[in-house]
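Observations on chain architecture
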Amino acid sequence: MRLILFQPDIPQNTGTLLRLAACFGLPVDLIEPCGFVFGGPHMRRAGMDYLDQVDLTRHMSWTAYQALPHAGRLIVLSTKGETLLTDAQFMPEDRLLLGRESAGVPPDVAEAAECRVRIPLRPNARSLNVAIAGAIAVSEALRQTDGFLQLGCS
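Now for a description of the structure that goes with this document. (Residues numbered from 1 in each chain as written. Predicted model: local features only at pLDDT ≥ 70, side-chain atom pairs only at ≥ 80, totals over all residues. Heavy atoms only, no water.)

**Structural notes on empty space enclosed by the protein**
Under the counting rule described, the total for this entry stands at one cavity of 30 Å³ or more. The volume enclosed by the largest cavity comes to roughly 40 Å³. For the lining of the largest cavity, the secondary structure elements donating two or more residues are strand S1 (2–6) and helix H1 (11–24). With three residues, the single largest contributor to the lining of the largest cavity is H1. Of the residues belonging to the lining of the largest cavity, the class tally is six nonpolar, three polar and one charged. (1 Å grid on protein atoms, 1.4 Å probe; cavity = no way out; pocket = protein on both sides within 12 Å on 5 of 7 lines; lining within 4 Å. Points joined across faces, edges and corners; volume = space filled by probe spheres on them. Helix = DSSP H or I, 4+ residues; strand = E, 2+ residues; numbered from the N terminus. Nonpolar A, V, L, I, M, F, W, Y, C, P; charged D, E, K, R; others polar.)

**Looking at the nonpolar core**
Leu3, Leu5, Leu17 and Leu96 are the most contacted members of the largest nonpolar core, which has 32 residues in total. For this core, the secondary structure elements donating two or more residues are S1, H1, strand S2 (28–31), strand S4 (74–77), strand S6 (95–98), strand S7 (115–118) and helix H5 (130–144). With seven residues, H5 is the largest single contributor of residues to this core. Not counting chain neighbours up to four residues away, the residues in contact with Leu17 comprise Leu3, Leu5, Leu98, Val130, Ala131 and Gly134. Counting twelve residues, the second-largest nonpolar core is a separate cluster that includes Ile4, Phe6, Ile31 and Val105. (Core = buried A, V, L, I, M, F, W, Y, C linked by side-chain atoms within 4.5 Å. Buried < 20%, exposed > 50% of the residue type's maximum accessible area, 1.4 Å probe, protein only. Contact = heavy atoms within 4.5 Å.)

**Concerning the sheet that holds S6**
Read across the open sheet, the seven strands follow the order S3-S2-S1-S6-S4-S7-S5; overall the sheet is parallel. Lying at the two open borders of the sheet, with one neighbouring strand each, are strand S3 (56–59) and strand S5 (83–84). Of the pairings in the sheet, the one linking S4 to S6 comprises four bridges and is parallel in character. In the strand pairing of S6, Leu74 is matched with Arg95. Most of the contacts of H1 go to S1, to which it runs at about 170 degrees, and overall it touches S1, S2, S3 and S6. Running over the sheet, H5 touches S1, S4 and S6 and is turned about 165 degrees from S6. (Pairing = 2+ DSSP bridges. Axes fitted to C-alpha atoms, helices over the stretch in contact; angles between N-to-C directions.)

**Some points on the pattern of salt bridges**
If you walk through the whole model with that rule in mind, you get six salt bridges. Of the charged contacts, one joins Arg116 and Glu82 as a salt bridge, the two residues approaching to 3.1 Å between their closest N and O atoms. With Arg116 in strand S7 and Glu82 in the loop between S4 and S5, this pair connects stretches of sequence that are 34 residues apart. Judged by relative accessible area, Arg116 falls into the partly exposed class, the value being 23%. For Glu82, a relative accessible area of 54% puts it in the exposed group. (Salt bridge = Lys/Arg side-chain N within 4 Å of Asp/Glu carboxyl O.)

**Examining the side chain of Asp94**
Examined against the element boundaries, Asp94 turns out to sit in the loop between S5 and S6. For Asp94, a relative accessible area of 1% translates into the label buried. A polar contact of 2.7 Å, which involves the side chain of Asp94, links it to the backbone nitrogen of Met91. In this structure, Asp94 is in contact with Met1, Arg2, Arg73, Ile75 and Gln89, ignoring residues within four places of it in sequence. (Polar contact = N/O pair within 3.5 Å; in protein donor to acceptor, adjacent residues only side chain to side chain.)

**What to know about unusual backbone geometry**
Of the consecutive residues Glu32 and Pro33, the connecting peptide bond is found in the cis state with omega at 5 degrees. Structurally, Pro33 can be placed in the loop between S2 and helix H2 (41–47). Positive phi is not limited to glycine here, since Gln7 has a value of about 45 degrees. Along the chain, Gln7 turns up in the loop between S1 and H1. Residue classification places Gln7 among the buried residues on the basis of a relative accessible area of 16%. Despite not being glycine, Asp146 has its phi angle at roughly 60 degrees, a positive value. Within the secondary structure, Asp146 is located in the segment after H5.

This is the structure we're talking about:
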């Protein structure tokens, strides 16, 4: 399983998601451009001392990312997703893509996904913080695929 960050806007959220990935042993693909200076103090503070433990690959653009071979399905987490997280069936090789905090993902990125997943929220709630949404989705995906057992803890 991989986590993909699409053009993140907020360094604190990026640092938090990188820390999440480090703790769960998930590789991360970061698709540029970022809306901040990558590695700046806000991102480092949120990621703490976990940032050097992340298997991180940076891609200069969505086009550059797409040009590479990839294993597994691309799953986009989106407030416009057709599949509820509670109905999604994850596989160990899935690639979970989180969009920009300010705009999500553009239509061409959403259309490239094999599945668009939405976290169920109350009708008047617009969206979750992207780092929280990522943690919820990653946790469910790892639970379904026995990914927590792979961590070597009991």
